Amino acid sequence: MAAESSMELRDKKVTVLGLARSGVAAAHLLQAVGASVTVADRKEERELADAFSRLDRRALTVKVGAGYESALEGTELAVISPGVPSDLEALTQIRRRGVRVIGELELASWFLKAPILAVTGTNGKSTTVTLVGLFLGQGGKRAFVGGNLGMPLCDAALASYQAGRDAATLYDYIVAEVSSFQLETIEQFHPWVAAVLNITPDHMDRYPSLESYVEAKARIFKNQTTEDFALLGVDDERVAGLQNRVRAKLLSFSRAGPVSQGVYLDGHRVMAIIGSHRNEVCRRDEIRLPGSHNLSNAMAAATIGLLCGCSTDAIRHVLQIFPGLEHALELVRERQGVRFVNDSKGTNVDATIKALESFEEPVLLIAGGRDKGGDFQRLQEPVRQRVKRVILIGEAASRIRKALGDVGCVSQAATLRDAVEVAASEARSGDVVLLSPACASFDMFEDYQDRGRQFKKLVNQLS
């Protein structure tokens, strides 16, 4: 496939739309295979300094800022970054003249020889793919872990292309976090294992309905055959409802009860049934990750690990020591008996609810940011039950405050610094100060990582 794809792309006019990490990686791969590459972004030159520092501009045509869409004129293929809406009018116009519009994920898949283990879902993707990568590493297998998380898949594709005939020795598996945005533009992307963890309302600023969001997620199964595996989180009604969309061999995971194939919770034991084998993976209390949602993530990852031949000993060892990802229920420090927790990755309402459910202690919640069309009224009951103080920041602060109604003690802060100082002054020993925004970060920060790191810096500066 890689040889055919590189021949097909040689000297072809290709436009890469969007110069975030995945766009830069796509440009590198396209240049390596001999395409004539134009890169374009609506941002101005000064905002793209980091991207251009990683590109050889001498070998590129560049269109940025106002009129960047003119880069699509005369193009023979468009490769878009996940943040670029696939229904952009300029893309619709080039489709009418027969030009293919794909994403970086699809492009990468043309060059990857190792089996792809793809994970999607509203929440828990990053934790799950990270665990799968750790299981594989512990089991002595070579895995590339990336996609929507961390390194773009085009980085793995470029390494595979440059390795040529030796590509099969680079990776045993490709572990890919896959977003709904990326799935919108797949054509041939074909995972050996495709997992859907959960589906709750998110990105409602981009999708016209929840059904269209579910439809985008379900595209992960598009190219699977009966030789592949589909893994579903059946505790989630919307995910369980996808079973009739699956042609691959079906597995599932559940905290609620036994499954015929997959991993489930039996009392205090995590059990696995893969093929004709039934084994105990570990005890519930051996999993270091906090929260019942992370138990689900661990079970999903364990199912994939077992499919790939990892031993239960290897899986148990990782689960005993893995503390979780940065910005996902990350303990920053304990100060005067108060725990400060960074959950900046909680960018939607469901993620914040799951974060709150992870604590028995009284919580002072810092939330807010850029609204993605979330239903903030769903926060009312968890806030009533678990939160002693809500401090809101960002563009969505007023909307969240209105949605919460008369629930709890709610105030607004002009900056994250102000919010941290208010929380620190009001918290008492035994409390938890939790940053879990339920919103995107782009109103005040570069991304959720920037937001989380600024929170940690402010917390560590408290005397």
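Look above for the structure.
All chains use their own residue numbering, which begins from 1 and follows the written sequence. Note on the predicted model: pLDDT of at least 70 is required for a residue's local features to be given, and 80 or more for side-chain atom pairs to be given and counted; whole-chain, interface and lining totals, by contrast, use all residues. Only heavy atoms go into the side-chain values, all of them from the structure, while hydrogens and water stay out.

Lay out helix α16 (residues 416-426) in plain terms, naming residues and giving numbers.
Restricting attention to buried positions, one finds in α16 the residues L416, A419, V420, A423 and A424. One side of α16 carries all its buried residues, which in axial view fall inside an arc of 125°. Lining the buried residues of α16 we find β15 (330-335), β16 (338-342), β17 (363-367), β18 (387-392), β20 (432-435) and α17 (448-461). Relative accessibility under 20% of the residue-type maximum defines a buried residue, over 50% an exposed one, and the middle range a partly exposed one, all with a 1.4 Å probe and only protein chains included. Numbering of helices and strands runs from the N terminus, with a helix taken as a DSSP run of H or I at least four residues long and a strand as a DSSP run of E at least two residues long. The arc in question is formed by the directions pointing from the helix axis toward the C-beta atoms. Contact definition: two residues touch when any of their heavy atoms are within 4.5 Å.

Give me the sheet that holds strand β14 (residues 277-283): which residues, what numbers.
Across the sheet, which stays open at both edges, the nine strands sit in the order β7-β8-β6-β9-β10-β11-β12-β13-β14 with mixed pairing between neighbours. One side of each edge strand has no neighbouring strand; the edge strands of this open sheet are β7 (143-147) and β14. For this sheet, the mean angle separating the axes of adjacent strands, direction not counted, is 20°. One requirement defines pairing of two strands: DSSP has to find at least two bridges between them. Note: strand β10 (residues 229-233) against strand β11 (residues 249-254), five bridges, orientation parallel. Bridging across to β11, L231 finds its partner in L251. Helix axes are fitted only over the stretch in contact, all axes being lines through C-alpha atoms; the angle between N-to-C directions runs from 0 to 180 degrees. The strands touched by helix α6 (residues 125-138) are β6 (116-120), β7 and β8 (173-177); relative to β8, the strand with the most contacts, the crossing angle is about 165°.

Can you break down the side chain of R335 residue by residue, with the values?
Take R335: it is sitting in strand β15. Apart from residues no more than four positions distant in its own chain, R335 is found in contact with F340, A424, L462 and S463.

Requested: an account of the side chain of S252, with residues and values cited.
Of note, S252 is situated in strand β11. On the basis of relative accessible area, S252 is assigned to the buried category, the value being 11%. Beyond its immediate chain neighbours, meaning those up to four positions away, S252 contacts L231, L232, V234, V259, Q261, G262 and V263.

An account of helix α9 (residues 210-218) is needed here, citing residue identities and associated values.
Regarding α9, the residues found buried are L210, Y213, V214, A216, K217 and A218. Looking at the packing, one finds that the buried side of α9 touches β6, α6, α8 (180-183) and α10 (237-240).

A description of the packing of aromatic side chains should follow, citing residues and the corresponding values.
Two rings belonging to Phe, Tyr or Trp (six-membered ring only in the last case) form a pair when the distance between their centres is within 6.5 Å. Interplanar angles under 30 degrees mark stacking, angles over 60 mark edge-to-face geometry, and anything in between is tilted. Evaluated as defined, the whole model comprises six aromatic pairs. Where F111 meets Y161, the ring centres are 6.0 Å apart and the plane angle is 90°; that geometry is what we call edge-to-face. Here the residue F111 occupies a position in the loop between α5 (104-109) and β6, and Y161 occupies one in helix α7 (residues 153-163), the gap between them amounting to 50 residues. According to the relative accessible area criterion, F111 is buried, its value standing at 1%.

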